[in-house]
Amino acid sequence: MRVALLADVHANRESLVACLVDVRRLGADRLAFLGDLVGYGADPGWVVDRVREEVARGAVTVRGNHDASVADPAREGRHEEAQRVADWTRAQLDEPSLAFLRGLPLEHEEGDVLCVHANAYAPGRWDYLAGRVEVGRSLAATRASITFCGHVHDPMLWTLSGTVKLGEFRPVADTPIPVPGHRQWLAVVGSAGQPRDGDPAACWALFDSAARTLTWRRVAYDHAGAAARIRAAGLPERFAARLETGC
């Protein structure tokens, strides 16, 4: 099976459309959304509706921290701008969309694959995989051969060898990477809707479970148009500027 993995869409309609066109062109059998469908972007209603359609067709979706903030208005701990966007986003969604976000699981495990938003050791605490310590903790918390996550917005692949040595790889787009099952792997798939690795192109990854390969994709889209829609909605300027720079 060929699974397309998209994380951190962040209510970016333009990037999601471009990614889904690319996904269909490459013939993926299934979609997996790794959280943060909303937040930052100007089209939360459209994005949630589109993902709900994909779920009805068999896609997997897990909850991200922005999804949780929008679904639960009592949740605290957001910085001022993010809270402002969460409140604005909540007002754009109808009750079925809010119920969908509230009902998303923190993780999805299927076979030897685990999908989470942030990490495997405390998926509802939203810790970032900031370095080798956190990555090691996440790998130790699951028996899955490969864990897919988002949250960091920066694509990276980590592996734990049989001698418990942690290795890291910076993926190159369109270059399949073997991920054999005798090792553990953790893949940060990057952000479809708000990349922060210096490249404004949308990012997603394709996992081929038969060939045991993982391939990252970069997809050009109208990021200037998406940024303009953020500004037109009156949302914070820096969330628009990030789309134009990829930082």
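Provided above is the structure to which this section pertains.
Residues numbered from 1 in each chain as written. Predicted model: local features only at pLDDT ≥ 70, side-chain atom pairs only at ≥ 80, totals over all residues. Heavy atoms only, no water.

This next bit is on the overall build of the protein. Helix and strand counts for the protein stand at eight helices and 12 strands. Taking 18 Å as the expected radius of gyration for a compact globule of 247 residues, we find that the protein reaches 17 Å, a close match to that expectation. Viewed in the frame of its principal axes, the protein has a C-alpha envelope of about 50 × 35 × 35 Å. By the burial criterion, 57% of the 247 residues in the protein qualify as buried. Sequence-distant contacts, at least 24 apart, represent 72% of the contacts inside the protein between residues at least 6 apart. Counting only carbon and sulfur atoms, one obtains 53% of the accessible surface of the protein, whose full area is about 10,100 Å². Distance between charge centroids for the protein: 3 Å, based on 29 positive and 32 negative side chains. (Helix = DSSP H or I, 4+ residues; strand = E, 2+ residues; numbered from the N terminus. Rg over C-alpha atoms; globule rule 2.2 N^0.38 Å. Buried < 20%, exposed > 50% of the residue type's maximum accessible area, 1.4 Å probe, protein only. Contact = heavy atoms within 4.5 Å. Areas by Shrake-Rupley, 256 points an atom, 1.4 Å probe, with all protein chains shown as cover. Lys, Arg positive; Asp, Glu negative; His and termini not counted. Charge placed at Lys NZ, Arg CZ, Asp CG, Glu CD.)

Our focus in this paragraph is the sheet that holds strand 3 (residues 60-61). Pairing is mixed in the open sheet, where six strands are placed in the order 3-2-1-11-12-9. At either margin of the open sheet sits one strand with a lone partner, and together these are strand 3 and strand 9 (177-178). (Pairing = 2+ DSSP bridges.)

Moving on, we come to the side chain of Glu14. Here Glu14 shows up in helix 1 (residues 13-25). When sequence neighbours within four positions are dropped, the list of residues in contact with Glu14 reads Asp43, Tyr221, Asp222, Gly225, Ala226 and Arg229.

Residues Leu6, Leu16, Leu31, Phe33, Leu37, Leu101 and Trp204 are the most contacted members of the largest nonpolar core, which totals 41 residues. The leading source of residues in this core is helix 1, at five residues. In contact with Leu31, not counting residues within four places along its chain, are Ala4, Leu6, Leu20, Val23, Arg24, Glu54, Ala59 and Val60. By size, the runner-up hydrophobic cluster in this structure holds 22 residues, among which are Val3, Ile146, Leu157 and Val189. (Core = buried A, V, L, I, M, F, W, Y, C linked by side-chain atoms within 4.5 Å.)

A few words now on the packing of helix 7 (residues 223-232) against helix 8 (residues 237-245). Helix 8 packs onto helix 7 with a crossing angle of 180° between their chain directions and a minimal axis gap of 8 Å. By the criterion of interaxial angle, the relationship of helix 7 to helix 8 is roughly antiparallel. Within the contact between the two elements, helix 7 uses His223, Ala226, Ala227, Ile230 and Arg231 and helix 8 uses Glu237, Phe239, Ala240, Ala241, Leu243 and Glu244. Partitioning the contact of helix 7 with helix 8 into residue classes produces seven nonpolar, one polar and three charged. (Axes fitted to C-alpha atoms, helices over the stretch in contact; angles between N-to-C directions. Parallel < 35°, antiparallel > 145°, perpendicular 65-115°, else oblique. Nonpolar A, V, L, I, M, F, W, Y, C, P; charged D, E, K, R; others polar.)

Whenever strands of a sheet pair, they do so through backbone hydrogen bonds, lying parallel or antiparallel. Taken in spatial order, the six strands of this open sheet run 4-5-6-10-7-8, and their pairing is mixed. With one partner strand each, in any of the chains shown, strand 4 (107-110) and strand 8 (166-169) form the two edges of the open sheet. Strand after strand, the sheet turns through a mean of 15° between neighbouring axes, direction not considered. In this structure, strand 5 (residues 113-116) lies alongside strand 6 (residues 146-149), joined through three bridges in parallel fashion. Bridge pairing in strand 6 links Val113 to Ile146.

Here we come to the pattern of salt bridges. In this structure the tally under the stated criterion is 23 salt bridges. Its salt-bridge partner being Asp22, residue Arg25 comes within 3.3 Å of it at the nearest N-O pair. Pair noted here: Arg25 and Asp22 are both in helix 1, with a separation of three residues, about one helical turn. Under the relative-accessibility criterion, Arg25 is labelled exposed at 57%. Its relative accessible area of 7% is what places Asp22 among the buried residues. The residue Asp127 makes a salt bridge to Arg125 at a minimum N-O spacing of 2.7 Å. (Salt bridge = Lys/Arg side-chain N within 4 Å of Asp/Glu carboxyl O.)

For strand 11 (residues 202-208), the buried fraction is high: seven of the seven residues fall into the buried class. The alternating pattern of strand 11 places Ala202, Trp204, Leu206 and Asp208 and Cys203, Ala205 and Phe207 on opposite faces, both of which are buried. Pairing of strand 1 (residues 2-6) with strand 11, which is carried by four bridges, proceeds in the antiparallel orientation. When the sheet's bridge partners are listed, Val3 is paired in strand 11 with Phe207. Two elements, strand 11 and strand 12 (residues 213-219), share seven bridges in a ladder whose sense is antiparallel. Among the inter-strand pairings, Cys203 is bridged to a residue of strand 12, identified as Arg218.

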